[in-house]
Amino acid sequence: AVLVVVYILQLVISGANDGYSLVLKESPDTILIQNGTNPQIKIVNSNGIWLLKEGSENPEENYAILPANTETVNQMVTSLSKIEVLGLVSRNADNERFGFTENESIKIICLKEGKILRTLELGKNSSTYQQVYAKIDESNNVVLVSGNPKTLFDVTFENLKAPVKTESENSVAN
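Residues numbered from 1 in each chain as written. Predicted model: local features only at pLDDT ≥ 70, side-chain atom pairs only at ≥ 80, totals over all residues. Heavy atoms only, no water.

### Overview of the overall build of the protein
And then number 1: Within the protein, the secondary structure is distributed over five helices and 10 strands.
And then number 2: Total accessible area on the protein stands at roughly 10900 Å², and carbon and sulfur atoms take up 50% of it. (Helix = DSSP H or I, 4+ residues; strand = E, 2+ residues; numbered from the N terminus. Areas by Shrake-Rupley, 256 points an atom, 1.4 Å probe, with all protein chains shown as cover.)

### Brief notes about the pattern of salt bridges
Pairing between side chains of opposite charge can happen when their charged atoms approach one another.
And then number 1: Counted according to the given criterion, the structure contains three salt bridges.
And then number 2: The salt bridge partner of Lys107 is Glu138, with a shortest N-O separation of 3.2 Å. Note that Lys107 is positioned in strand E7 (residues 106-112) and Glu138 in the loop between strand E9 (131-136) and strand E10 (142-146), a separation of 31 residues in sequence.
And then number 3: Of the residues examined, Lys107 reaches a relative accessible area of 30% and is grouped as partly exposed.
And then number 4: Of the residues examined, Glu138 reaches a relative accessible area of 56% and is grouped as exposed.
And then number 5: A salt bridge links Lys161 to Glu158; the nearest nitrogen and oxygen atoms lie 3.1 Å apart.
And then number 6: What makes Glu158 exposed here is its relative accessible area of 51%. (Salt bridge = Lys/Arg side-chain N within 4 Å of Asp/Glu carboxyl O. Buried < 20%, exposed > 50% of the residue type's maximum accessible area, 1.4 Å probe, protein only.)

### Overview of the side chain of Glu121
And then number 1: With respect to the helices and strands, the residue Glu121 is situated in strand E8 (residues 115-125).
And then number 2: No salt bridge is formed by the buried Glu121. Its closest oppositely charged neighbour is Lys135, at 4.1 Å.
And then number 3: Those residues within four positions of Glu121 in sequence are excluded, and the remaining contacts are Phe100, Ser105, Ile106, Lys107, Tyr133, Ala134 and Lys135. (Lys, Arg positive; Asp, Glu negative; His and termini not counted. Contact = heavy atoms within 4.5 Å.)

### Observations regarding the nonpolar core
And then number 1: Among the nonpolar cores identified, the biggest contains 30 residues, and Ile31, Ile33, Ile43, Met76, Ile108 and Phe153 are the most heavily contacted of them.
And then number 2: With four residues, the single largest contributor to this core is helix H2 (residues 70-81).
And then number 3: With residues near it in sequence (within four places) discarded, Met76 still touches Ile31, Ile33, Ile43, Leu152, Phe153, Val155 and Leu160.
And then number 4: Counting five residues, the second largest nonpolar core, distinct from the first, contains Phe98, Phe100, Val142 and Leu144. (Core = buried A, V, L, I, M, F, W, Y, C linked by side-chain atoms within 4.5 Å.)

### Quick look at unusual backbone geometry
And then number 1: Phi angles above zero are rare outside glycine, and Asn47 is one such case at about 55 degrees.
And then number 2: Residue placement: Asn47 occurs in the loop between strand E3 (41-46) and strand E4 (49-54).
And then number 3: Classification of Asn47 by relative accessible area gives exposed; the value is 79%.
And then number 4: Even without glycine at this site, Glu113 takes up a positive phi of about 50 degrees.
And then number 5: With respect to the element layout, Glu113 can be found in the loop between E7 and E8.

### Looking at the pairing of E10
And then number 1: The buried fraction of E10 is high, at four of five residues.
And then number 2: Looking at chain direction, E9 and E10 are connected through four bridges and run antiparallel. Opposite Val132, over in E10, you have Val145 as the bridge partner.
And then number 3: Hairpin connection of E9 to E10: five residues between the antiparallel strands, including Asp137 at a positive phi of 55 degrees. (Pairing = 2+ DSSP bridges.)

### Digging into the confidence of the model for the protein
And then number 1: In this model, the protein carries a mean pLDDT of 83, and residues with pLDDT of at least 70 account for 81%.
And then number 2: When the elements of the protein are averaged for pLDDT, helix H5 (residues 167-173) gives the smallest value, 55, and E7 the largest, 95. (pLDDT = per-residue confidence, 0-100.)

### What about the packing of aromatic side chains?
And then number 1: In total, this model carries one aromatic pair according to the counting rule given.
And then number 2: Here Lys135 stacks its cationic end above the ring of Phe100, 4.6 Å away from the centre of that ring. (Phe/Tyr/Trp six-rings, centres within 6.5 Å; stacked < 30°, edge-to-face > 60°. Lys NZ or Arg CZ within 6 Å of the ring centre and 35° of its normal.)

As C-alpha cells, then:
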C-alpha cells in the first residue's frame, strides 16, 4: 500500500513538469529584437506589410524605414505565436549557466497596438541544438523550449531586409 502511494505521488510530481504549449490569442503587429549588444531591431506591420525601422524615432532626426523579408518575419510570428515548452529547468535565473548574459542572450518582445503580448529571452542551446533555454514573459524560471527559435531570431538588421529584385529578375517575371 505504501509503494502504491509513493508511485502515485511520483506520477503527480513528475506530471507537473511535462511539456506544454503557450499560444498567443492575437497576432503581433510589432516585434522588437535585442540581440546581444547590437542595436535593437524593430519590425512593424503597417497595413499588412512588414517594415524594418532603423535609427532614432525622434521626429527631429531621420530614420530609415525599409521593407522586411516577409518570409522570415512570418516565421518569427509563427514561432512566437506557439511556443512548445518541454519542461522547467531551473526556478532561479542562473544567468551565466544558461546563457542569459548581455552578450549571449536574445530578447524578443512582441506587441499588439502597443500592448505587450509576450516576451521571450533565449539563452544557450541545449546539447542537441534542437532546444534552447528560455525565460518567458519576464519570469525568472528557466525552461527548455523545443525547435530552437534562437536560429530564427539570431539576426541582424541587414539579414532582415527584403531581398531586392534585380532588373533581370523583373524582366523574367513579365
